[in-house]
Amino acid sequence: MRGPNRRRDGVGTACGVVAGLVAAAFLTVTGVLAVKAWSVLDFAFLFDPSSRMADRTGIGPALAGTLWLAVLTAAFAFPVGVGTAVYLEEYASRGGAAAVVGKVAAHLAAVPPVVYGVAGLALFVRGLGMGPSLLAGGCTLAALALPTVIVTARTAIRAVPRGLREAAYGMGATRWQVVRGQVLPAAASGIVTGSCAGLTRAVGEAAPLLVLGAVSFMTFAPRSPADPLTSLPTQVFAWSARSQQDFAAAAAGAGVALLLVLLVVNLVALAVRRRLRGVST
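From a predicted model like this one, the values you see are computed outputs, not experimental measurements. (Residues numbered from 1 in each chain as written. Predicted model: local features only at pLDDT ≥ 70, side-chain atom pairs only at ≥ 80, totals over all residues. Heavy atoms only, no water.)

1. Remarks on the overall build of the chain
Summing up its helical and strand segments, the chain has 10 helices and 0 strands in all. Each helix (α) and strand (β) of the chain, taken in turn from the N terminus, gives the series α-α-α-α-α-α-α-α-α-α. Across the chain, the fraction of contacts at a sequence separation of at least 24, relative to all contacts at a separation of at least 6, is 75%. Only carbon and sulfur atoms are counted for the fraction: they give 68% of the accessible area of the chain, which is about 15,000 Å². (Helix = DSSP H or I, 4+ residues; strand = E, 2+ residues; numbered from the N terminus. Contact = heavy atoms within 4.5 Å. Areas by Shrake-Rupley, 256 points an atom, 1.4 Å probe, with all protein chains shown as cover.)

Rendered as structure tokens:
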């Protein structure tokens, strides 16, 4: 009995060390950016529009654009990704087209984000006539997040014990009743975790949005998906490319804001995951 216990304690210690290192790295990066951006970090900086003068610029439009992109990405990627995972695991046969789709999704998760930007430029911006808008950016980021959502959701669904399904079938439940009432609630926490990972990865990307034609100078906050495409990552890139020192501080401030947005998204996902675990148990 000592061997398995010692091994389990060693794994727990290693996980704790890794988590501590990740937290330390996050705090270090955030601290460095905050020190760099100290001269521009104020309440007005969060809501002022961008300006060609570093001392008057703000991240209001970029912050609003990031929130729009997060909502659009989640609205497009989550239902399609989870629905695809449910179909592949619960309805499709183990071989044939389902196996091919699963392998393709796994490989697409490793494709560089700039490739999705090129595809989004051809399909959404030019092919469907959306132009460089928030809607085109949301569709592109949803395509970027979709493989991750599918792979993680399939893993969570596959981890549900087979006996849970068989017990429900033994009570006379249909396949959809089993999926809706047993499988999805049991796999919900894992699905939320994977979906959040795909969302944060997509929202933090700048390369695909730059390919789509994201703007770095806006005097108003976007109010609809048809407004011009802008986001915090592209704003950080645009300001970092300027030679003025004050714009470097502004880029650091935008970076801090982006980290805080992603942190809030992950904290919300963590709270939802804990609540779903409590409900499923």
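2. Quick word on the environment of Val104
As for its position among the elements, Val104 is in helix 3 (residues 97-108). By relative accessible area, which is 42% here, Val104 ends up partly exposed. Each C-alpha atom, one on Val104 and one on Pro147, is 8.5 Å from the other, the two residues being 43 residues apart in sequence. (Buried < 20%, exposed > 50% of the residue type's maximum accessible area, 1.4 Å probe, protein only.)

3. Description of helix 4 (residues 113-127)
Spanning 15 residues, helix 4 covers 19 Å between terminal C-alpha atoms, matching the ideal 21 Å at 1.5 Å per step. The largest bend along helix 4 reaches roughly 40° and is located at Gly120. Buried residues of helix 4: Pro113, Tyr116, Gly117, Gly120, Leu121, Phe124 and Val125, and no others. If you follow the buried residues of helix 4, they end up packed against helix 3, helix 5 (134-158), helix 7 (175-203) and helix 8 (207-212). Positive backbone phi, at 70°, marks Gly129, one or two positions downstream of helix 4. (Expected span 1.5 Å × (residues − 1). Bend = angle between axes of the 7 residues up to and from the residue.)

4. Re a nonpolar patch on the surface
Residues Leu260, Leu263, Leu267 and Leu270 make up a contiguous nonpolar surface patch of roughly 330 Å² in combined accessible area. Along the chain, Leu260 falls in helix 10 (residues 245-280). (Patch = residues over 30% accessible without salt bridge, like charges linked within 9 Å, V, L, I, M, F, W, Y side chains within 5 Å. Salt bridge = Lys/Arg side-chain N within 4 Å of Asp/Glu carboxyl O.)

5. Points about the nonpolar core
For soluble globular proteins, the rule of thumb is that nonpolar side chains tend to be buried together. Within the largest apolar cluster, 19 residues are counted, with the highest numbers of intra-cluster contacts made by Leu69, Leu141, Leu209, Leu212 and Leu229. Elements with a minimum of two residues in this core: helix 2 (60-91), helix 4, helix 5 and helix 8. Tallying contributions element by element places helix 5 first for this core, with 7 residues. Membership of the second largest hydrophobic core comes to 16 residues, among which are Ala62, Ala70, Ala251 and Ala254. (Core = buried A, V, L, I, M, F, W, Y, C linked by side-chain atoms within 4.5 Å.)

6. Quick notes on helix 7
Between its first and last C-alpha atoms helix 7 spans 35 Å; for 29 residues at 1.5 Å apiece the expected length is 42 Å, and the helix comes up short by more than 12%. Along helix 7, the helix axis deviates most sharply at Ala188, where the bend reaches about 55°.

7. Focus: the packing of aromatic side chains
The final tally for this structure, using the stated rule, is 1 aromatic pair. Above the plane of the ring of Phe247 lies Arg242, whose end atom (NZ or CZ) is 4.4 Å from the centre. (Phe/Tyr/Trp six-rings, centres within 6.5 Å; stacked < 30°, edge-to-face > 60°. Lys NZ or Arg CZ within 6 Å of the ring centre and 35° of its normal.)

8. Focus: the pattern of salt bridges
Per the counting criterion, the structure on display carries 3 salt bridges. Residue Arg154 pairs with Glu89 through a salt bridge whose shortest N-O separation is 2.8 Å. Taken together, the residues Arg154 in helix 5 and Glu89 in helix 2 connect sequence positions 65 residues apart. The buried category is assigned to Glu89, whose relative accessible area is 6%. Across the salt bridge formed by Glu90 and Arg165, the nearest N and O atoms sit 2.8 Å from each other.

9. Quick look at the environment of Ala145
Locating Ala145 in the fold gives a position in helix 5. For Ala145, a relative accessible area of 1% gives the class buried. C-alpha separation for the pair Ala145 and Val203, spaced 58 residues apart in sequence, amounts to 9.1 Å. Apart from the residues within four sequence positions on either side, Ala145 is in contact with Thr73, Ala77, Gly198, Leu199 and Ala202.

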